[in-house]
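As a plain string of letters, each chain reads:
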Amino acid sequence: MPDVFVNYRTGDEESAATMIARELARRFGGERIFFASNSIELGHRFPVELVRAVEECEALLAVIGPRWTEVRGADGRPALEAEQDWTRREIQTALDRGILVIPVLVGKATRIDRAVLPYDLRELADCQYRRFDHRNAESDLTALGDALARLLPELGAVDRDARAARERAEAKSHKKSAQGRGYTRMRTRDVRGGVGNLNGDLSGTFVNEPQGPVNTGRGHQYNAPHFQGDNTGVQFTAGDNSGTVHQRFERERRRSDDGR
């Protein structure tokens with residue numbers, strides 16, 4: 001069952017109607033968009049198929065160009081005046097059934113004049129319309145598709161463009177999160193002096209001139225000290241890091257004093 005019926009008049013704006021139907025089919029799926037030349041199977045009776053599709057659709061797009069009211073039938077009279085004119089019958093059926101009807105005014109087409117419409121179509125002039133211009137085809141098609149996705153929840157649920165946008169946003173978020181995690185961990189390029197072990201009776205791991213947080217044991221992460229000068233009074237963390245022990249390099253200072 002189609003969700004959207006694309007109505008147009010032969011001799012007016014078939015090219016615009018084709019572009020609209022093609023774009024909506026790409027975005028929402030061909031089975032959800034009824035376009036007579038594509039949707040009616042070979043050998044099927046088009047009067048039956050047209051009526052059925054209009055009656056079952058959720059919205060009808062009435063594609064109206066500058067010549068929509070001027071195109072004439074075989075008798076030389078305006079086609080719109082004939083009760084059997086299919087463009088007129090499709091719109092009339094949709095209006096009678098309370099189906100959402102959206103006029104799409106193409107190019108130089110102006111707001112619909114009630115005075116030129118048959119009595120049973122005058123309600124069409126009251127329907128809010130959208131515009132379509134070949135020069136702004138991409139943005140106009142996007143806006144039309146966005147409006148349909150908002151108005152018809154079933155279309156919104158299968159909107160390929162919306163799904164692609166969500167996937168791009170998620171990928172960007174994951175990338176940003178991964179980059180953020182990378183900055184919270186020490187990497188070799190964050191350390192200028194390298195990693196080694198303290199000698200003597202001091203056990204544990206030290207890092208020369210760290211540029212970021214370092215974890216040297218089982219305990220909590222801490223900022224490693226920066227050793228400089230004669231190390232007098234410099235504090236360091238030793239042990240298994242389950243607690244924090246502060247010692248001073250008194251022996252280093254005494255050795256320096258003795259050697260002078």
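For the structure, check the block above.
Let me sum up the structure you'll find in this document. Quantities reported herein were computed from a predicted structural model and do not represent experimental measurements. (Residues numbered from 1 in each chain as written. Predicted model: local features only at pLDDT ≥ 70, side-chain atom pairs only at ≥ 80, totals over all residues. Heavy atoms only, no water.)

**Considering the overall build of the protein**
Inclusion rule: Under the DSSP-based scheme used, a helix requires at least four consecutive residues in state H or I and a strand at least two consecutive residues in state E, with every element numbered from the N terminus. When a residue's accessible area, from a 1.4 Å probe over protein chains only, is under 20% of the maximum for its type it is buried; when over 50% it is exposed; and in between it is partly exposed. By definition in these notes, contact holds between two residues if any of their heavy atoms fall within 4.5 Å. Per-residue and other accessible areas follow the Shrake-Rupley method at a 1.4 Å probe size, with only the shown protein chains counted as cover for residues.
For the protein, the count of helices and strands is eight helices and nine strands. Per-residue burial over the protein gives 35% buried out of 260 residues. The contacts in the protein between residues at least 6 apart in sequence include a share of 61% that link residues at least 24 apart. Entry remark: accessible area of the protein is about 16,200 Å², with carbon and sulfur atoms responsible for 47%.

**With respect to the packing of aromatic side chains**
We apply this condition: Centres within 6.5 Å are what make two rings of Phe, Tyr or Trp a pair, Trp counting through its six-membered ring; a difference in plane orientation under 30 degrees is then read as stacked, over 60 as edge-to-face, and the rest as tilted. As a reminder, the over-ring test applies to NZ of lysine and CZ of arginine, requiring each to be within 6 Å of the ring centre and within 35 degrees of the ring normal.
Counted under the stated rule, the structure contains three aromatic pairs. The ring of tryptophan 68 has arginine 9 lying over it, and the distance from NZ or CZ to the ring centre is 5.7 Å. Here the guanidinium or amino end of arginine 89 rests over the ring plane of tryptophan 86, the centre of that ring lying 4.0 Å away.

**Brief notes about the side chain of aspartate 159**
Residue position: aspartate 159 is located in the loop between α6 (153–157) and α7 (160–182). According to the relative accessible area criterion, aspartate 159 is buried, its value standing at 3%. Apart from residues no more than four positions distant in its own chain, aspartate 159 is found in contact with Arg27, Phe28 and Ala149.

**Quick notes on the pairing of strand β1 (residues 4–7)**
Each regular strand shows side chains that alternate between the opposite faces of the sheet. Convention followed: Strand pairing is assigned whenever DSSP detects at least two bridges linking the two strands. Crossover handedness is defined here as right-handed if the route from the first strand over the helix to the second strand goes clockwise, with the strands pointing away from the viewer.
In β1, alternate side chains face the same way, and those of Val4 and Val6 on one face and Phe5 and Asn7 on the other are all buried. The pairing of β1 with strand β2 (residues 33–34) spans two bridges and is classified as parallel. Bridging from a neighbouring strand, valine 4 pairs with isoleucine 33 of β2. With helix α1 (residues 14–28) bridging β1 and the parallel β2, this β-α-β connection has right-handed handedness. Note that β1 and strand β3 (residues 59–64) share four bridges and pair parallel.

**Notes on helix α4 (residues 86–96)**
The following threshold applies: The directions from the helix axis to the C-beta atoms form the arc being described.
What α4 keeps buried is the set Thr87, Arg88, Glu90, Ile91, Ala94 and Leu95. For α4, the buried positions fall inside an angular range of 165° around the axis, keeping them on one side. Elements that come into contact with the buried residues of α4 comprise β1, α3 (46–56), β3 and β4 (100–106). One or two steps after α4, the chain reaches glycine 98, where phi turns positive at roughly 75°.

**Concerning the packing of α1 against helix α5 (residues 137–151)**
Think of two packed helices as two axes; the pair is described by the angle between the axes and how far apart they sit. Which entries qualify depends on this criterion: Helix axes are fitted only over the stretch in contact, all axes being lines through C-alpha atoms; the angle between N-to-C directions runs from 0 to 180 degrees. Orientation categories follow fixed angle ranges, with anything under 35 degrees roughly parallel, anything over 145 roughly antiparallel, 65 to 115 roughly perpendicular, and all other angles oblique. Handedness of each helix crossing follows the sense of rotation of the near helix against the far helix: counterclockwise by less than a right angle gives left-handed, clockwise gives right-handed.
Running from N to C, α1 and α5 cross one another at 55°; their axes reach a closest spacing of 10 Å. If you check the angle between α1 and α5, you find them oblique. For the pair α1 and α5, the sense of crossing is right-handed. Where α1 abuts α5, its residues Met19, Ile20, Glu23, Leu24, Arg27 and Phe28 lie against Ala137, Leu141, Thr142, Leu144, Gly145, Asp146, Leu148 and Ala149.

Distances and angles like these do not, on their own, reveal function.
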